[in-house]
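Remarks on the overall topology
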Amino acid sequence: MKGAERLIFLGWLLKGTLCQGGGKESDCTNPPWNTSVSVIPSGGVLEGSSVTLTCSSDANPPVISLSWYSVRAGDTRSTGHGPVLSTKIWADNTHFYCEAKNMCGARNSTITKVPVLYGPKTMSVSAVPSGPVFHGTMVNLTCSSNGNPPVSSFTWYSVKGDQVVRLGVGKRLETSVSAEVHQFYCEGRNDHGGQNSTLIDVVVQYPPRSTSVSVNSSGPVLKGSSVTLTCNSDANPQVSSYNWYSVDKSETRSVIGPEQTYTVDNVNGNTQYFCQAKNQHGSDNSTTLQLDIQYPPRNTSVSVSPSDSVLEDSSVTLICSSDANPPVTSYSWYSVRAGKEDYVASGQQLIQATMNVIDGREYYCTAQNQHGEDQSASTNASMEFAPQISSSSRCLHSGSQVSCTCDSHANPAPLVQWRLSGRHVNHSTATAISEEPLGRIGLRSTLTIRQSREDPPTALCLSSNSQGSASLQLCVTSTGYQMLSLLVGAGAGAAGMLLLCVVTCVIVRRLHAKTTWDLKPEDITELILTDWTLSQEDDSLYASKSTLTGHPGANGANGKGTRGVNPDLQGPQPTDPPGGLHYKPPPIGPPNCDHVPLQHSSLDTTTTRIEE
């Protein structure tokens, strides 16, 4: 060691000796020593409670200052000055020390950790494997926590939307993950509370799911308009391709587009649609979409209840049916007869207490909604009724044959038979029978008799069905002299008027000659006015008794039997005025086709006979 260095070392030793000796003449002896911190209360304290820290130290000369510091996560901060520090204790702020200073130096106490009690903190969950996993994979979950005392229990939960499900207990949990269940958390508890961990979301890959079709229009779509459809799907990774399909009424599927959206032009409501979404893990189809297409009423029709045939004048119900969207809001009923339409009623059902098919009346309905109106076809209830023979039925004698026609209406269809002079007639060479329909419920039967007899036989038409029968005896009219008969009839009418005037004058003169109405019963004036027909074989005129009063021989049947008129003219009755004529009402029964021969000598066809 060199001389200079020895001198410096000796001087340092001398200084130290003098300081330790505590010579009164020197002010600096020792820096503080035995610096320490005491805590009140000394045991564990609850987080947030206040504690008192006291700093003590030995020093000569005495300590001139005391300072307090806290240590938090390696960071030191000054928290106060003086021998005593009062502060609140938190779980993350529990380490303190103090510094004592005098004229000779400073000395720090050791770091004192205040024991603090608190519930679980900094809860967290870790998953293994941590990367993306496929749907259905098993994962291990671990729950981490910080608490004093340590966490004593762990509980696991899964989260699906707003639904929370308890899975189990323990610091670790093994569970499967799926597209629906992939979020988890744990709860830790000790004697001073509990805390939930943050939510861990395990990344799960899965094929498309919840695929659906949305329409760009929130309301109904009118028929014939266009609409855009969008395919929506949940998938991870995202959907890589879409396909659109149409389904017709025969359930045939057709690919119509590859994009996420598809526009349907001129929608008609007869086609349904669905889409398909795909990714690397699979595909998923949406449900079939039936567009809510609105349209006016269509396919409007009328049905009859009861559906079977009903008796005439029975009560029936007509029901109007129609296809419409929105549904039909109003129905109206109309009747049609001979081309004339009449409004009947409103409502989906029309109840008719009586309906007669013979009058030809038919019915139809109209259906209406906010988009338009549609009309049904005309219909009529299938009424069952007994045969009715028309007054147009007749027999005509021309040359060597007689042709008789019988027009009958009935439902069910009638069976028409002929009788000649009371005998049943079949189709043959001598008697030909033919039939032709008359509308929907009519039948015309024609009987042709080929013979040269002077007096043709009496023809009787019989018409029957399950509801009853009707008959009509037909009179034979000659067609050879129709025009001549017309002329003769006109002349006879004129002559009759002239003769009536003569008779009137004679009666007036006799009234002047008599003073009273003292007439004998045989003093009867009988006046007969007839329509004549000229006989083909002789020079006689014949008049049908059924035509003498201007009534036809038959007016048809009433469905319950045969009906005809056979009026007679009779002389005066006691209740008649003097010289008057008495008319006897026509009896109900078969028509009388007998002819009364009347002689004539001129065209004066009116015969007047006056008896005194």
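One structure accompanies this document, and this report is about it.

What counts as what
- Residues numbered from 1 in each chain as written.
- Predicted model: local features only at pLDDT ≥ 70, side-chain atom pairs only at ≥ 80, totals over all residues.
- Heavy atoms only, no water.
- Disulfide = S-S within 2.5 Å.
- Helix = DSSP H or I, 4+ residues; strand = E, 2+ residues; numbered from the N terminus.
- Buried < 20%, exposed > 50% of the residue type's maximum accessible area, 1.4 Å probe, protein only.
- Contact = heavy atoms within 4.5 Å.
- Salt bridge = Lys/Arg side-chain N within 4 Å of Asp/Glu carboxyl O.

A short note on the state of the cysteines
Taken as a whole and assessed by the stated rule, the structure comprises six disulfides. Between the sulfur atoms of Cys231 and its disulfide partner Cys275 the distance amounts to 2.0 Å. Between Cys231 and Cys275 the sulfur-sulfur dihedral comes to about 75°; the bridge is accordingly right-handed. Taken together, the positions of Cys231 in strand β21 (residues 227-236) and Cys275 in strand β25 (residues 272-279) put the pair 44 residues apart, joining distant regions of the chain. The buried category is assigned to Cys275, whose relative accessible area is 0%. Between the sulfur atoms of Cys320 and its disulfide mate Cys365 the distance is 2.0 Å. Between Cys320 and Cys365, the S-S dihedral sits near 70°, and the bridge is therefore right-handed. Here Cys320 is found in strand β29 (residues 316-325), whereas its partner Cys365 is found in strand β33 (residues 362-369), with 45 residues between them in sequence.

Points about the side chain of Ser109
Along the chain, Ser109 falls in the loop between β8 (105-108) and β9 (112-113). On the basis of relative accessibility, which here comes to 7%, the residue Ser109 falls in the buried class. What Ser109 contacts, discounting residues up to four positions off in sequence, is Thr35, Ser36, Val37, Tyr97 and Cys98.

Remarks on the pattern of salt bridges
Applying the stated rule across the entire model yields seven salt bridges. Here Lys121 and Glu47 are joined by a salt bridge, their closest N and O atoms 3.4 Å apart. Placement of the pair is Lys121 in strand β10 (residues 116-128) and Glu47 in the loop between β2 (45-46) and β3 (50-60), with a sequence separation of 74 residues. Overall, Lys121 belongs to the partly exposed group, its relative accessible area being 27%. Taking the relative accessible area as the measure of exposure, Glu47 reaches 26% and is therefore partly exposed. Between Asp234 and Arg209 there is a salt bridge whose closest N-O contact spans 2.8 Å.

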